[in-house]
Amino acid sequence: MARIAPLSGFPEWLPDGRVVEQHVLDTLRRTFELHGFAGIETRAVEPLEQLLRKGETSKEVYVLRRLQADPEADEAGDKQLGLHFDLTVPFARYVLENAGKLAFPFKRYQIQKVWRGERPQDGRFREFVQADIDVVGAGELPYHFEVELPLVMAEALGALRGIGLPPVRVLVNNRKVAEGFYRGVGLEDVEGVLRQVDKLDKVGPDAVAELLQAEQGATPEQAKACLELAAISGEDVSVVDRVRELATAYGAVTDLLETGLAELRALVAAAAERAPGVVVADLKIARGLDYYTGSVYETVLVGHEQLGSICSGGRYDTLASDGKNTYPGVGLSIGVSRVVSRLLSAELVRATRGVPSAVVVAVVDEDQRAASDAVAAALRGRGIPVEVAPTAAKFGKQIRYADRRGIPYVWFPGAVGEDGVRGPDQVKDIRSGEQTPADAATWEPPAEDRWPRVIPADA
RNA sequence: GUGGCUAUAGCUCAGUCGGUAGAGCGCCUGGUUGUGGUCCAGGAGGUCGCCGGUUCAAGCCCGGUUAGCCACCCCA
């Protein structure tokens, strides 16, 4: 028998999970718009060569082809399409394509699915939703956007605290600091060093020290310096002084380092004021991607650090370039699916119901279905989500129909008396059992019952 | 892509020394006269992932395969 089984890495939620996801999406979108970001959507595909420009992700790209494509023809390859694996590459292409029509600096948000042919795991998917914000400038982009963007994300995620999302911690670092320091101590393969330092949480400092020596040719002294830098973290500007002291001790003070430290200081100082306790400077944050040139960000859910980063990004001096013009940018991306999957699997949140209906209108018998339809229409006309019972089963079954779906109210159309006149309708709150006469032209459910809500699971 | 673990009812899982399948939950029906949840009584539902091998006999042992989970890699 052809077993129906979920496809690993392609998550699908039940209706009440979708209510949660939709709430998250709505909340993020509202926050982005409050900060003036314009929404765009790009196509799902990009030319393969465009997607592969960013490096070693090639194996992860899903290629698109027609079932009947001529196998000879696709040898040509330059017209091959792939599903985008992030929203930054499509955005960069979009900026170049529409540069003449956009006003810079351009702030946009983009919430879409992306695809990566990775091995799925808890919180890691092959098809998932990202919510990105980026600011892109023409030619130049003021540093203050590197301060603003992580704070917008912190606010967006903070807006989800009410439904039970754990607090977040935005870890920040600056590429110029890392690069300036590493070069200052004589390590030229900045990329390689970053990659090893990035493993710190997983393998520990001793292993990283060995890797630095074995893989990057570092001296024990250089390795020690890298680890001491990585150990520095803090919420206030004193981290900057500590980095400078360390660099001085190793004779590693460079202009690049000083530039980076000034930037990092500005970010930490602003964050301490605008979002105290949320942004933490952490000098071990590396981010493997090579195109970051300034601030880099990673965000964890407090208590769920094992889940990995739920929101990352950074500054790119060259987000896009057409040869003549360069467009620097800074942006972050929330892994919406990762967040939602954890909210659901760890039972941090729940939806009050999985269907929109606040009311089920009972059907007395099929001959009187029209009366129930009329009640439903009257309620809907006033914006109350309603459905009519699917069958004229015993009332006990119709109540159970509502109960199973979490629908709080059952409406009983008045019985037709011997005089042929319909008696008064009644509405029952099936949670309390309370049943009262009601008029479809005026009855209102309490506001909290009107639509499904997302609430902390323990509420 | 590499490695480890797993696959039995809709779900979560038991299944001993190989002897042709069980529980809990869920679902359906009933417990008169149109009002659910609790309780009671009944009931439906499984080619034991798939293919092959060993054996008188395989859910159990062996090989393969597919899928899922986890770790690595990388990343949201």
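Structure first, text after, so check above.
**Q** Would you mind showing me how to read the protein's contact with RNA strand B here?
**A** With respect to spatial proximity, 46 residues lie near RNA strand B, and among them Ser-8, Arg-116, Arg-124, Val-364 and Ala-393 are the closest. Near the protein, meaning within 4 Å, the atoms of RNA strand B are sugar or phosphate in a fraction of 50%, with bases accounting for the rest. One of the side-chain N or O atoms of Arg-338 is found 3.4 Å from a base oxygen in RNA strand B. Lys-428 places a side-chain nitrogen or oxygen 3.1 Å from a base oxygen of RNA strand B. For the surface near RNA strand B, the secondary-structure elements that each account for two or more residues are strand E6 (127-136), strand E11 (311-321), strand E12 (326-335) and helix H14 (395-405). When residues of the surface near RNA strand B are assigned to their parent elements, the largest contribution, eight residues, is made by H14.

**Q** Is there a simple way to think about the environment of Glu-140 in this case?
**A** Turning to its location among the elements, Glu-140 is positioned in the loop between E6 and helix H4 (144-158). Taking relative accessible area as the criterion, Glu-140 reaches 63% and is therefore assigned exposed. Sequence separation between Glu-140 and Ile-430 is 290 residues; the distance between their C-alpha atoms is 61 Å.

**Q** Would you take a moment to explain the packing of aromatic side chains for this structure?
**A** Centre distance and the angle of the planes are the two values used to describe a pair of aromatic rings. Summed over all chains, the structure comprises 10 aromatic pairs. Both rings, one in Tyr-291 and one in Tyr-292, keep their centres 5.2 Å apart while their planes meet at 55°; by these two values the pair is tilted. Judged by its relative accessible area of 16%, Tyr-291 falls in the buried class. Residue class for Tyr-292 comes out buried when judged on its relative accessible area of 7%. Residues Tyr-291 and Tyr-316 carry aromatic rings whose centres are separated by 5.1 Å and whose planes lie at 10° to one another, so their mutual orientation is stacked. Residue Tyr-291 is found in the loop between strand E9 (279-282) and strand E10 (295-301), and its partner Tyr-316 is found in strand E11; the two are separated by 25 residues along the sequence. On the accessibility criterion, Tyr-316 (3% relative accessible area) is buried. What links up through ring pairs into an aromatic cluster is the set Tyr-291, Tyr-292 and Tyr-316. The ring centre of Tyr-401 lies 3.6 Å from the NZ or CZ of Arg-405, which sits over that ring.

**Q** Which parts of the structure should I look at to understand the pattern of salt bridges?
**A** Two side chains carrying opposite charge are able to pair once their charged atoms lie near each other. For the structure shown, the criterion picks out 26 salt bridges. A salt bridge links Lys-107 to Glu-148, with the nearest nitrogen and oxygen atoms 3.3 Å apart. Here Lys-107 is found in strand E5 (residues 106-115), whereas its partner Glu-148 is found in helix H4, with 41 residues between them in sequence. Through salt bridges with shared partners, one network takes in Arg-43, Glu-46, Arg-93 and Glu-97.

**Q** Teacher, can you tell me more about helix H3 (residues 88-97) here?
**A** Counting along an α-helix, one turn takes 3.6 residues, and residues three or four places apart therefore face a common direction. Burial runs high along H3: eight of the 10 residues are buried. Those residues of H3 not exposed but buried are Thr-88, Val-89, Pro-90, Phe-91, Ala-92, Arg-93, Tyr-94 and Val-95.

**Q** How should I be thinking about the packing of helix H1 (residues 15-34) against H4 in this particular structure?
**A** What describes two packed helices is the angle between their axes and the distance between those same axes. Interaxial distance between H1 and H4 falls to 9 Å at its minimum, and their mutual angle equals 140°. The handedness of the crossing between H1 and H4 comes out as right-handed. Where H1 approaches H4, its residues Thr-27, Leu-28, Thr-31 and Phe-32 are matched on the opposing element by Val-152, Met-153, Glu-155 and Ala-156. Split by residue class, the contact of H1 with H4 holds five nonpolar, two polar and one charged.

Rules and cut-offs
- Residues numbered from 1 in each chain as written.
- Chains lettered and ligands numbered in written order.
- Predicted model: local features only at pLDDT ≥ 70, side-chain atom pairs only at ≥ 80, totals over all residues.
- Heavy atoms only, no water.
- Near = heavy atom within 4 Å.
- Polar contact = N/O pair within 3.5 Å; in protein donor to acceptor, adjacent residues only side chain to side chain.
- Helix = DSSP H or I, 4+ residues; strand = E, 2+ residues; numbered from the N terminus.
- Buried < 20%, exposed > 50% of the residue type's maximum accessible area, 1.4 Å probe, protein only.
- Phe/Tyr/Trp six-rings, centres within 6.5 Å; stacked < 30°, edge-to-face > 60°.
- Lys NZ or Arg CZ within 6 Å of the ring centre and 35° of its normal.
- Salt bridge = Lys/Arg side-chain N within 4 Å of Asp/Glu carboxyl O.
- Axes fitted to C-alpha atoms, helices over the stretch in contact; angles between N-to-C directions.
- Left-handed = near helix turned anticlockwise from the far one by under 90°.
- Contact = heavy atoms within 4.5 Å.
- Nonpolar A, V, L, I, M, F, W, Y, C, P; charged D, E, K, R; others polar.

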